[in-house]
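# Geometric and topological summary
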Amino acid sequence: RKFTTIPLAPQLQARFRHPQSAREMRYLHERTEEILRHLREIGEIHIIDDVAMGWDFLGAVLDGNIKPDDIVVMVSIDGAQLYQSKESDCWIYVWVLLNISPDKCYKKINVIP
């Protein structure tokens, strides 16, 4: 058996080396501020089309558990049965970086192994 993983922290730190990707990492904070402003003015969210609009996420922000400079990732994991006659013994996971906009975070280049 062989288990290979690539540490997450160095991959996230590398995002801040280039000005463009560092700017992209500000998306979640800026979008969250925009949503909270909208909630204060209107009182509701009509269409939820981003993780930043979810009540669990917004609650964590308002409670101070997620701060403006925090990096937020989501893990996607699945098991695979490699051979028909064997029990599943292979698990595949990827990290989805939620700090960048939804139109970019699910692209192959931004999904972290």
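Structure shown above.
Residues numbered from 1 in each chain as written. Predicted model: local features only at pLDDT ≥ 70, side-chain atom pairs only at ≥ 80, totals over all residues. Heavy atoms only, no water.

Overall, antiparallel pairing links the three strands, which are arranged S1-S2-S3 in an open sheet. Only two strands of the sheet have a single partner each, and these edge strands are strand S1 (73-80) and strand S3 (111-112). As paired strands, strand S2 (residues 90-97) and S3 are joined by two bridges and run antiparallel to one another. Residue Val-96 lies in a different strand from S3, and its bridge partner there is Val-111. (Pairing = 2+ DSSP bridges. Helix = DSSP H or I, 4+ residues; strand = E, 2+ residues; numbered from the N terminus.)

Core analysis: the largest hydrophobic core is formed by 19 residues, its most contacted members being Ile-35, Leu-39, Ile-45, Phe-57 and Leu-58. Counting only elements with at least two residues in this core, the list comes to helix H3 (27-42), helix H4 (55-62) and S2. If one sorts the elements of this core by residue count, H3 sits on top with four residues. Among residues more than four places away in sequence, those in contact with Leu-58 are Thr-32, Ile-35, Leu-36, Leu-39, Ile-45, Ala-52 and Met-53. (Core = buried A, V, L, I, M, F, W, Y, C linked by side-chain atoms within 4.5 Å. Buried < 20%, exposed > 50% of the residue type's maximum accessible area, 1.4 Å probe, protein only. Contact = heavy atoms within 4.5 Å.)

We now examine H4. Turning to H4, its buried residues number three or more, namely Phe-57, Leu-58, Ala-60 and Val-61. The arc enclosing the buried residues of H4, seen along the axis, measures out at 160°, which places them on a common side. Away from the buried face of H4 by more than 90 degrees, exposed residues Trp-55, Asp-56 and Leu-62 are located. Packing partners of the buried residues in H4 comprise H3. Count one or two residues on from H4 and you reach Gly-64, which has phi positive near 85°. (Arc of directions from axis to C-beta.)

Structurally, Asn-110 is set in the loop between helix H5 (102-105) and S3. Within the structure, the side chain of Asn-110 is placed 2.9 Å from the side chain of Arg-15, a separation counted as a polar contact. Discounting residues that sit within four places of it in the chain, Asn-110 has contacts with Arg-15, Trp-95, Leu-97, Ile-100, Lys-104 and Cys-105. (Polar contact = N/O pair within 3.5 Å; in protein donor to acceptor, adjacent residues only side chain to side chain.)

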